[in-house]
Amino acid sequence: MPNLVGRSRLAVYRTMRHDGLYFATKGPGSANDHWAVVAAQSPRPGTVIAWHGQAELTVSTVAPHTARVVPRLVGRSRAGVYAMMRRAQLYFRTVGPGSSSGKWLVALSQSPRPGTKVAWHAEVVIHVSTTRPVVQKPVVTATKPTSATASVINGSNYKVGVATWYNYVPGHCATWYLPKGTRITVHDLTTGKSITCIISDREAHESNHVVDLDQSQFNELEPLSRGVISVKVSW
């Protein structure tokens with residue numbers, strides 16, 4: 001028995017004719033043969049049945065929606081968030097200053113993280129603020145002058161840029177440039193505090209972000225309301 005779930009009417013007819021099998025349908029559109037997609041089947045895929053055996057298909061007139069990819073919302077304005085989520089066909093819920101009144105200005109962090117695949121119309125939680133975070137320029141020694149607020153400062157075993165947070169596993173973090181399993185030290189260039197974490201997730205290679213921390217570890221460096229902080233990542 002082939003796997004027919006999710007297939008169109010034309011694909012089902014072709015597959016079953018090719019395999020020498022019959023089928024009966026039930027559900028919306030089955031009476032007038034106007035159904036669009038298979039929602040379920042019996043026997044299950046992979047079952048061995050006789051030649052000219054019959055499958056029972058539960059069908060629907062509406063094709064199922066495919067998974068959506070969560071866009072990067074951190075740093076975007078209220079209008080930008082609404083536009084991106086409408087385009088992705090996802091819902092969102094805001095927490096933080098201005099969330100109850102709808103007067104927030106910028107997204108500081110999000111969960112799930114960007115790039116995560118979720119169901120159509122799934123909800124994304126966004127931590128927002130009525131003021132834009134100020135990313136202080138770190139004082140570092142580099143081989144040539146570079147603005148950490150515009151790009152990443154690279155060393156042989158470190159990078160300087162910004163960090164944000166998302167709801168992840170305590171003690172674990174995400175980068176785009178180091179292999180998973182690498183233990184890194186994240187040094188807050190504003191407060192002087194440091195934490196260590198193990199890379200077990202992958203973040204999008206974008207702007208000057210050098211690490212995404214779990215919210216509990218970010219909170220060890222600075223309050224979650226800061227959203228974005230200047231850090232030096234070493235390994």
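Here the structure is a predicted model, which is why all the values come from computation and not from measurement. (Residues numbered from 1 in each chain as written. Predicted model: local features only at pLDDT ≥ 70, side-chain atom pairs only at ≥ 80, totals over all residues. Heavy atoms only, no water.)

## Section: the overall build of the chain
In terms of helices and strands, the chain carries three helices and 15 strands. Here the chain holds 235 residues, and 39% of them are scored as buried. (Helix = DSSP H or I, 4+ residues; strand = E, 2+ residues; numbered from the N terminus. Buried < 20%, exposed > 50% of the residue type's maximum accessible area, 1.4 Å probe, protein only.)

## Remarks on the side chain of arginine 113
Positionally, arginine 113 belongs in the loop between strand E6 (106–111) and strand E7 (117–118). For arginine 113, a relative accessible area of 9% gives the class buried.

## Focus on the pattern of salt bridges
One pass over the structure, following the stated rule, counts four salt bridges. When the shortest N-O distance is used, the salt bridge between arginine 93 and glutamate 123 registers 3.3 Å. In this pair, arginine 93 is assigned in strand E5 (residues 91–95) and glutamate 123 in strand E8 (residues 123–129), connecting sequence segments 30 residues apart. With relative accessibility at 39%, the residue arginine 93 sits in the partly exposed group. Taking the shortest distance from any N to any O, the salt bridge between arginine 113 and aspartate 201 comes out at 3.4 Å. In this pair, arginine 113 sits in the loop between E6 and E7 while aspartate 201 sits in strand E13 (residues 194–202), placing the two residues 88 residues apart along the sequence. Residue aspartate 201 is classed as buried on the basis of its relative accessible area, which comes to 16%. (Salt bridge = Lys/Arg side-chain N within 4 Å of Asp/Glu carboxyl O.)

## Some remarks on the packing of aromatic side chains
Evaluated as defined, the whole model comprises five aromatic pairs. Summarising the aromatic geometry, the rings of tyrosine 13 and phenylalanine 23 are spaced 5.2 Å apart at their centres and angled 70° between planes, so their arrangement reads as edge-to-face. Taken as a pair, tyrosine 13 in helix H1 (residues 9–19) and phenylalanine 23 in strand E1 (residues 22–26) lie far apart in primary sequence, ten residues in all. Plain terms: the ring middles of tyrosine 177 and tryptophan 235 are 5.8 Å apart, the flat faces sit at 50° to each other, and that makes the pair tilted. Placement of the pair is tyrosine 177 in the loop between strand E11 (172–175) and strand E12 (183–188) and tryptophan 235 in the segment after strand E15 (229–234), with a sequence separation of 58 residues. The class for tryptophan 235 is partly exposed, based on a relative accessible area of 34%. Each member of the aromatic cluster is reached from another via a ring pair, and the members are Trp176, Tyr177 and Trp235. Its end group placed over the ring of tyrosine 166, arginine 113 keeps NZ or CZ at 5.5 Å from the ring centre. Over the ring of tyrosine 177 we find lysine 159, and its NZ or CZ is 5.0 Å from the ring centre. (Phe/Tyr/Trp six-rings, centres within 6.5 Å; stacked < 30°, edge-to-face > 60°. Lys NZ or Arg CZ within 6 Å of the ring centre and 35° of its normal.)

## Side note on the environment of leucine 57
Considering the arrangement of structural elements, one finds leucine 57 in strand E3 (residues 54–60). Once the C-alpha coordinates of leucine 57 and leucine 4 are considered, the two residues, 53 residues apart in sequence, prove to be 8.4 Å apart.

## A word on the environment of leucine 4
If you trace the backbone, leucine 4 turns up in the segment before H1. With a relative accessible area of 0%, leucine 4 lands in the buried category. Along the primary structure leucine 4 and valine 38 are separated by 34 residues, whereas in three dimensions their C-alpha atoms are 6.5 Å apart. When residues no more than four places from it in sequence are discounted, the contact partners of leucine 4 are Val12, Thr15, Met16, Val38, Gln41 and Leu57. (Contact = heavy atoms within 4.5 Å.)

## Some thoughts on the pairing of E11
Bridge count between E11 and E13: four bridges; the pairing is parallel. Its bridge partner lying in E13, histidine 172 is registered against isoleucine 198. Summarising the sheet, E11 and strand E14 (residues 209–214) pair through two bridges and their orientation is antiparallel. Paired with alanine 174 across the two strands is aspartate 212, which belongs to E14. (Pairing = 2+ DSSP bridges.)

## Describing the confidence of the model for the chain
With 90% of its residues at a pLDDT of 70 or more, the chain has an overall mean of 86. Highest mean pLDDT in the chain belongs to E1 (96); lowest belongs to strand E9 (residues 153–154) (77). Below a pLDDT of 50 lies the segment residues 139–150, which in the model reaches 16 contacts outside its immediate sequence neighbourhood of four places, other chains included. (pLDDT = per-residue confidence, 0-100.)

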